[in-house]
Amino acid sequence: MGLVGGEEGVQEAAAGREERILVSVRLRPLNDKEISRHDVCDWECINDTTVVSRNNNNLSASERSLYPTSYTFDRVFRPDCPTRQVYETAAKEVALSVLKGINSSIFAYGQTSSGKTYTMSGVTEYAVADIFNHIEKEKEEREFVLKFSALEIYNESVRDLLTADTTPLRLLDDPERGTVVEKLTEATLRDWNHFKELLSFCEAQRKIGETSLNEASSRSHQILKLTVESCPCDFLVIDRSSSLAASVNFIDLAGSERASQTHAAGARLKEGSHINRSLLTLGTCIRKLSKGGKGGHIPFRDSKLTRILQSSLGGNAKTAIICTMSPARSHAEQTRNTLLFASCAR
Ligand code: ADP
Ligand code: MG
């Protein structure tokens, strides 16, 4: 049976497997700016799962106990690793679970300029291409409808990236569907080229925002959502359990420097506009979810990002987090915060 086995998908979804969040870390190469100021690489992947710091000498003893030299994750990726490999190992399975009727989310987390957008845009394209390929193979047996939406959250304000209209959108609580974004455009995808057209439109919309609002991309979250609905072509087999619907979310998060105050243990939580409420709440939710939801109440409702993603985070939904980091010594403090976040998510 193929990936889109109707019954198989439903049973798996109903089983509600408690799975950990898949957490990986990707190091990027030093960039030209870092090289020109003679920055050095502090971090190294010593195998497929462990990243180590080559420079903890500048830390005090108490800092050294707070910041280990070595961190282990599900996977770590060296600076020369191509995005396709990152996708195959860190995101593919989670993304393709949408074909089995299971919701999923794939996040890029890291400080500004660490490679979130570079990683997430590649991962999104590989995943959607794979989904199109699987559908092509299954099309004799099942009928598919693919829907696509895109939004940005900036300062707790939600905007549609599939229209030129920048009016903030409201969130509504629907008794059946949970939180929905009112009036959000949902495009029915005709084919791969249509998807690529919509992606470039989103990118242009995001850029327009950036020129009017300084630093917008480092402060905003982008969610691209693909919904896959399918049912058997043979009308005689149609019953509720054989039709499937699920969504996969690709999330390019705001720069993690917007949340670092919470991770720096002992440091007083600073109030201010530079702290991003959605990013902080996401951190809290992820930490609680990684404990199998046993950490008590999960505050999904405390931010727009977590409200919108709630149905794709808890329950039997699948989650992958790719943490991106610069290997440069000058970024060591933010990088350690990213690694602590990643450790807590696991
Ligand atoms: P972020 O979205 O986290 O702010 P970007 O994805 O925009 O960061 O990356 C910053 C710069 O670094 C871009 O020019 C990007 O092309 C480059 N870059 C990021 N990750 C990699 C990588 N793994 N390999 C090569 N270049 C990268
Ligand atoms: Mg970016």
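Here the structure is shown first, and the text comes after it.
A brief look at the structure comes next. (Residues numbered from 1 in each chain as written. Chains lettered and ligands numbered in written order. Predicted model: local features only at pLDDT ≥ 70, side-chain atom pairs only at ≥ 80, totals over all residues. Heavy atoms only, no water.)

What follows covers the overall build of the chain. Along the backbone of the chain there are 12 helices and 14 strands. Scored against the burial criterion, the 346 residues of the chain give a buried share of 51%. Of all intrachain contacts in the chain linking residues separated by at least 6 positions in sequence, the fraction that spans at least 24 positions is 72%. For the chain, the computed accessible surface area is about 16500 Å², with 50% contributed by carbon and sulfur atoms. (Helix = DSSP H or I, 4+ residues; strand = E, 2+ residues; numbered from the N terminus. Buried < 20%, exposed > 50% of the residue type's maximum accessible area, 1.4 Å probe, protein only. Contact = heavy atoms within 4.5 Å. Areas by Shrake-Rupley, 256 points an atom, 1.4 Å probe, with all protein chains shown as cover.)

This part takes up the site of ligand 1. Near ligand 1 the following residues occur: Arg-26, Arg-28, Pro-29, Gln-111, Thr-112, Ser-113, Ser-114, Gly-115, Lys-116, Thr-117 and Tyr-118. Here an oxygen atom of ligand 1 sits 3.3 Å away from a polar atom, N or O, in the main chain of Ser-114. With respect to ligand 1, the side chain of Thr-117 contributes an N or O atom lying 2.8 Å from an oxygen atom. In isolation ligand 1 exposes 560 Å². Once the protein is present, 66% of that is buried. (Near = heavy atom within 4 Å. Polar contact = N/O pair within 3.5 Å; in protein donor to acceptor, adjacent residues only side chain to side chain.)

Turning our attention to the sheet that holds strand 4 (residues 70-72). Spatially, the 3 strands line up as an open sheet ordered 2-3-4, and their pairing is antiparallel. Two strands bound the open sheet, and with one partner strand each, they are strand 2 (43-45) and strand 4. Taking the axes of each pair of neighbouring strands and ignoring which way they run, one obtains an average angle of 20° across the sheet. Note: strand 2 against strand 3 (residues 50-53), 3 bridges, orientation antiparallel. Residue pairing in the sheet places Trp-43 in a bridge with Ser-53 of strand 3. Strand contacts of helix 12 (residues 332-345): strand 2, strand 3 and strand 4, with the helix running at about 35° to strand 4, the strand carrying the most contacts. (Pairing = 2+ DSSP bridges. Axes fitted to C-alpha atoms, helices over the stretch in contact; angles between N-to-C directions.)

This structure, assessed with the given rule, holds 19 salt bridges. Asp-130 is the salt-bridge partner of Lys-92, the closest N and O atoms lying 3.7 Å from each other. In this pair, Lys-92 sits in helix 5 (residues 92-96) while Asp-130 sits in helix 6 (residues 116-138), placing the two residues 38 residues apart along the sequence. Among the salt bridges present, the one from Glu-125 reaches Lys-196, with a minimum N-O distance of 2.9 Å. A residue pair is termed long-range when its members are at least 10 positions apart, and Glu-125 in helix 6 and Lys-196 in helix 7 (residues 192-212) qualify at 71 residues. What makes Lys-196 partly exposed here is its relative accessible area of 31%. A single salt-bridge network, built from bridges that share partners, covers Arg-84, Glu-88, Lys-92 and Asp-130. (Salt bridge = Lys/Arg side-chain N within 4 Å of Asp/Glu carboxyl O.)

This part takes up the packing of helix 4 (residues 83-90) against helix 6. Packing of helix 4 against helix 6 brings their axes to within 9 Å, and their N-to-C directions diverge by 65°. As helix 4 runs across helix 6, the sense of the crossing is right-handed. Contacts from Thr-83, Arg-84, Val-86 and Tyr-87 in helix 4 reach Tyr-118, Thr-119, Gly-122, Val-123, Tyr-126, Ala-127 and Asp-130 in helix 6. Split into classes, the residues belonging to the contact of helix 4 with helix 6 amount to 6 nonpolar, 3 polar and 2 charged. (Left-handed = near helix turned anticlockwise from the far one by under 90°. Nonpolar A, V, L, I, M, F, W, Y, C, P; charged D, E, K, R; others polar.)

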